[in-house]
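Residue-level structure breakdown
Here is how the chains run, residue by residue.
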Amino acid sequence: MPSVLVIGDVMVDVVVKPDGPVVSGADRRAAIRQLPGGSGANQAAWLATEGVDVTFAGRVGHADHARQAALLSDFGVRPRLAADRELPTGTLVTLLSPDGERSFLTDRAANANLCREDLPDALLDGIDLVHVSAYSLFEAGPRAAVLGLLGAARRRSIPFSVDPSSHSFLAEVGREEFLRWTEGARICFPNADEALFLAATDDVERQLDVLAKAYELVVLKCGTEGAYAAEANGGRWSVPVPAVEAVDSSGGGDAFLGGFLGAFLRGDHIADCLRRGVALGAQAVTALGGRPPSPSSW
Ligand SMILES: Nc1ncnc2c1ncn2[C@@H]1O[C@H](COP(=O)(O)OP(=O)(O)OP(=O)(O)O)[C@@H](O)[C@H]1O
Ligand SMILES: [Mg+2]
């Protein structure tokens, strides 16, 4: 069984659905639910459900360290979580307005303190691939920690893959910098907005041309429009996305990642990896939250 080390963020997703419009200075009843999240942690969980041996490294608040670890090990992920004494676990608040519009408030909190001591070289022992959720590359401290470990992975000839994660944060750090940090990646998994930014063209074929020169394999997710893969040697694949009733689009990309990478590590043909990716992506968007269905409901 292949072994993967996933590095990324852990978040608590707080979903708030008020009974009516929020009134400044007054009370309003609301349905408020907490769901485990964080793109990197979600990806680790989906990958583990695909039968991959997964270790996840990240940083959470001290107060709920044990709970966050348990939420990952429930899926079979081996958690390697640093406990932050000052900052709590990162939190994302999703505010649903009565017309269905979503507003997000995000505080990366403990994730922003990820440091090199949290990512010792020993994490690489027995690992076949390191996967990086790029939220950990957008701030200087975590970035230095992740790039340090990727340097050690290179010296051991362990390949790595990367999910660019956020077109707005990519725009903050800049295209050239991101391409430099992730140079030599075995696979890069942009969505449509991230590919637009990284390739500087809105034409999908040209995006694939540009990004297949930067990475050994580029895997492009275009939401309901399909998913594509391209290699520098001219290999091209695409699959349509199954039509489903989406209830919560968040986590589609994380589930896709787990499906694609799991199949890729099994040695499946690229077209089959894409098919597995979109199948899990479609499954994820029909349920609330970003993690796979809870193991207790299997
Ligand atoms: N409405 C939908 N119906 C079916 N599948 C969907 C839908 N939306 C997303 N998906 C699935 O999720 C995958 C990834 O979606 P998307 O292109 O939005 O990536 P992403 O932006 O990285 O996702 P995320 O917002 O989770 O980071 C798609 O390839 C598809 O499999
Ligand atoms: Mg994404």
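What counts and what doesn't
Residues numbered from 1 in each chain as written. Chains lettered and ligands numbered in written order. Predicted model: local features only at pLDDT ≥ 70, side-chain atom pairs only at ≥ 80, totals over all residues. Heavy atoms only, no water. Pairing = 2+ DSSP bridges. Helix = DSSP H or I, 4+ residues; strand = E, 2+ residues; numbered from the N terminus. Axes fitted to C-alpha atoms, helices over the stretch in contact; angles between N-to-C directions. Phe/Tyr/Trp six-rings, centres within 6.5 Å; stacked < 30°, edge-to-face > 60°. Buried < 20%, exposed > 50% of the residue type's maximum accessible area, 1.4 Å probe, protein only. Expected span 1.5 Å × (residues − 1).

Judged by pairing direction, the sheet is mixed, and its 4 strands sit side by side in the order E3-E2-E6-E7 without closing on themselves. On the outer flanks of this sheet lie strand E3 (30-37) and strand E7 (102-107), each paired with one strand and no other. Put simply, the sheet's adjacent strands are angled 20° from each other on average, direction ignored. In this structure, strand E2 (residues 11-18) lies alongside E3, joined through 8 bridges in antiparallel fashion. Looking across to E3, one finds that Asp13 is bridged to Leu35.

Applying the stated criterion across every chain, the model contains 6 aromatic pairs. Here Phe138 and Phe169 contribute two aromatic rings whose centre-to-centre distance is 5.6 Å and whose plane-to-plane angle is 50°, an arrangement assigned as tilted. Highlighted residues: Phe138 in the loop between strand E8 (129-133) and helix H3 (140-155) and Phe169 in helix H4 (residues 167-173), separated in sequence by 31 residues. Looking at Phe138, the relative accessible area reads 12%, which means it is buried. Considering the side-chain rings of Phe189 and Phe260, the 5.5 Å spacing of their centres and the 80° angle between planes classify their relative orientation as edge-to-face. Taken together, the residues Phe189 in the loop between strand E10 (187-188) and helix H6 (192-199) and Phe260 in helix H8 (residues 252-266) connect sequence positions 71 residues apart.

Turning our attention to H8. Spanning 15 residues, H8 covers 21 Å between terminal C-alpha atoms, matching the ideal 21 Å at 1.5 Å per step. Across the 15 residues that make up H8, a large majority, 12, are buried. Within H8, burial applies to Gly252, Asp254, Ala255, Phe256, Leu257, Gly258, Gly259, Phe260, Leu261, Gly262, Ala263 and Phe264. Just past H8, the residue Gly267 takes up positive phi, approximately 90°.

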